[in-house]
Amino acid sequence: MVNIKNIITTIILMLVIQCFYVNYTASGEPENEKKNFFLRSESSEINYEHFFEGKKHWCNTMVINCSDFRFARAAQELINEKLGFKGDYDYFSIPGSIRNMLNKETRKLVMDTFGISVRLHHVKRIVIIAHEDCIGYGGEEAFSDHEEEYNRIVQDMKKARRLMRFRFHDLSIYLFYGRIIDDNEVKKFEYEQIL
Ligand SMILES: [Zn+2]
């Protein structure tokens, strides 16, 4: 009886190992090649040296944005070009932007994380960016129309601003709402400042 149990256990173990081996080898992952991507200041329009000069670890702005890749480039354009901050900011990219800050279960962790920037980098202003069709809100399908979606997200942004003012008294806080615009079948992005 004991021998039969041992044999069955051995067979099961062999099957498990076989499955693992097949799955592992079938995953098709390439070998981990070492590649370096250098961003040299002399080969770029951006002067990376200035990040390490002068005031050292200080920056003026903290940006909180949704991690949605579709808005990533447009948001960078807004921050760097339109607002002119040009790398003078800490950047937080979180699904749903300020949603985790409004959630009571995660608020402390998120606020404490923001607090590190404010304290260590001497941040003077906060920019909060949210957008339409945000997966953090269930996408645009979660709303009956764009107006309802806009009102809900703007309401959340204003609530986030109130919470931040309570925690970070002296900071200016700016809100921006991003939209995707169809301009003659070309997709464009628009950011509206919420006052
Ligand atoms: Zn989003």
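Colleague: Just checking my understanding: could you explain the overall build of the protein for this structure?
Modeller: For the protein, the helix and strand inventory stands at 5 helices and 5 strands. N-terminal to C-terminal, the α/β element order of the protein is α-β-α-β-α-α-β-α-β-β. Taking contacts inside the protein between residues at least 6 apart in sequence as the whole, the part at least 24 apart equals 69%. Summing over all exposed atoms, the protein offers an accessible surface of approximately 14,100 Å²; the carbon and sulfur share of this is 56%.

Colleague: I would appreciate a short explanation of helix H5 (residues 146–167) in the present structure.
Modeller: Given 3.6 residues per helical turn, the α-helix brings residues three or four places apart onto the same face. Between the first and last C-alpha of H5 there are 31 Å, a value that for 22 residues agrees with the 32 Å anticipated at 1.5 Å per step. If you check which residues of H5 are buried, you get Glu-149, Tyr-150, Ile-153, Val-154, Asp-156, Met-157, Ala-160, Arg-161 and Met-164. Down the axis of H5, the smallest arc covering the buried residues is 160°, so these residues share one side. In H5, the exposed positions that point more than 90 degrees away from the buried face belong to Glu-147, Gln-155, Arg-162 and Phe-166. Next to the buried residues of H5 lie strand E1 (61–65), helix H3 (99–102), helix H4 (107–121), strand E3 (125–131), strand E4 (172–183) and strand E5 (186–194). At the N-terminal end of H5, a side-chain oxygen is found 3.2 Å from the backbone nitrogen of Glu-147, two or three residues along, and the residue is Asp-145.

Colleague: Before we go on, may I ask you to explain helix H2 (residues 69–82) in this structure?
Modeller: With 14 residues, H2 extends 19 Å from end C-alpha to end C-alpha; this agrees with the ideal 20 Å at 1.5 Å per step. Buried residues along H2 sit against E1, strand E2 (89–93), E3, E4 and E5. Backbone geometry just downstream of H2 places Gly-84 in the positive-phi region, at approximately 75°.

Colleague: Even after reading the chapter, I still don't get the coordination of the zinc ion, so can you show me in this structure?
Modeller: Put simply, the ideal angle at a metal is 109.5 degrees for four donors in tetrahedral geometry and 90 or 180 degrees for six donors in octahedral geometry. The zinc ion binds to the protein through Cys-66 (SG), His-131 (NE2) and Cys-134 (SG), with metal-donor distances spanning 2.1 to 2.2 Å. Classification of Cys-134 as buried rests on a relative accessible area of 2%.

Colleague: When you look at the side chain of Asp-90 in this model, what are you seeing that I'm missing?
Modeller: Position of Asp-90 among the secondary structure elements: in strand E2. Taking the relative accessible area as the measure of exposure, Asp-90 reaches 13% and is therefore buried. The contact partners of Asp-90, leaving out residues within four places of it in the chain, are Cys-59, Thr-61, Met-62, Val-63, Ser-117 and His-121.

Colleague: Please clarify how the pattern of salt bridges should be interpreted in this entry.
Modeller: Pairs may arise between side chains of opposite charge once their charged atoms sit close together. Across all of its chains, the model carries 11 salt bridges by this definition. With a closest N to O distance of 3.3 Å, Glu-190 and Arg-179 form a salt bridge. Residue Glu-190 is found in strand E5, and its partner Arg-179 is found in strand E4; the two are separated by 11 residues along the sequence. The exposure class assigned to Arg-179 is partly exposed, which follows from its relative accessible area of 21%. Between Lys-188 and Asp-183 there is a salt bridge, with its nearest N and O atoms 2.8 Å apart. Asp-183 sits in the partly exposed class, given a relative accessible area of 32%. Taken together, the salt bridges that share partners define one network made up of Asp-68, Arg-70 and Asp-133.

Colleague: When you look at the environment of Asn-65 in this model, what are you seeing that I'm missing?
Modeller: Positionally, Asn-65 belongs in strand E1. Ignoring anything within four residues of it in the chain, the contact list for Asn-65 reads Ala-75, Tyr-91, Phe-92, Ser-93, Ile-94, Ser-97 and Ile-129.

Colleague: Would you explain the sheet that holds E2 in this entry?
Modeller: Strand pairing in a sheet relies on backbone hydrogen bonds. The paired strands run either parallel or antiparallel. With mixed pairing, the 5 strands of this open sheet are ordered in space as E2-E1-E3-E4-E5. In the strand order of this sheet, the two ends are held by E2 and E5, each with one partner. Ignoring strand direction, the axes of neighbouring strands in this sheet form an average angle of 20°. Relative to E5, E4 runs antiparallel, the two being bridged by 9 bridges. Each residue of the ladder has a partner; that of Asp-183, found in E5, is Val-186. Lying on the sheet, H2 is in contact with E1, E2, E3, E4 and E5; it crosses E5 at an angle near 50°. Strands E1 and E2 of the sheet are contacted by H4, whose axis makes an angle of about 175° with E2.

About the thresholds
Throughout, residues of each chain are indexed from 1 in the direction in which the sequence is written. Whole-chain, interface and lining totals are the exception, using all residues; otherwise, since this is a predicted model, local features are given only for residues with pLDDT of at least 70 and side-chain atom pairs are given and counted only at 80 or more. Working from all heavy atoms in the structure, the side-chain values ignore hydrogens and water. Think of it this way: any DSSP run of H or I at least four residues long counts as a helix, any run of E at least two long counts as a strand, and we number them from the N terminus. Every residue pair with non-hydrogen atoms within 4.5 Å of one another is taken to be in contact. Residue-level accessible areas treat just the shown protein chains as cover; the underlying method is Shrake-Rupley with a 1.4 Å probe. Multiplying one less than the number of residues by 1.5 Å gives the expected span of a helix. Whether a residue is buried, partly exposed or exposed follows from its accessible area with a 1.4 Å probe, protein chains only, as a fraction of its type maximum: under 20%, in between, or over 50%, in that order. Note that the arc is computed from the directions linking the helix axis to the C-beta atoms. Two N or O atoms count as a polar contact when they lie within 3.5 Å, although within protein this holds only if one can serve as hydrogen donor and the other as acceptor, and sequence-adjacent residues are included solely when both atoms are side-chain atoms. Note: metal donors comprise N, O and S atoms at 2.8 Å or less from the metal (3.2 Å for Na, K and Ca); water molecules are not included, so apparent gaps in a site are possible. Any carboxyl oxygen of Asp or Glu that lies within 4 Å of a side-chain nitrogen of Lys or Arg is treated as forming a salt bridge with it. A pair of strands counts as paired when DSSP detects no fewer than two bridges linking them. Axis definition: a line fitted to C-alpha atoms, limited for helices to the stretch in contact. Angles are taken between N-to-C directions and run from 0 to 180 degrees.

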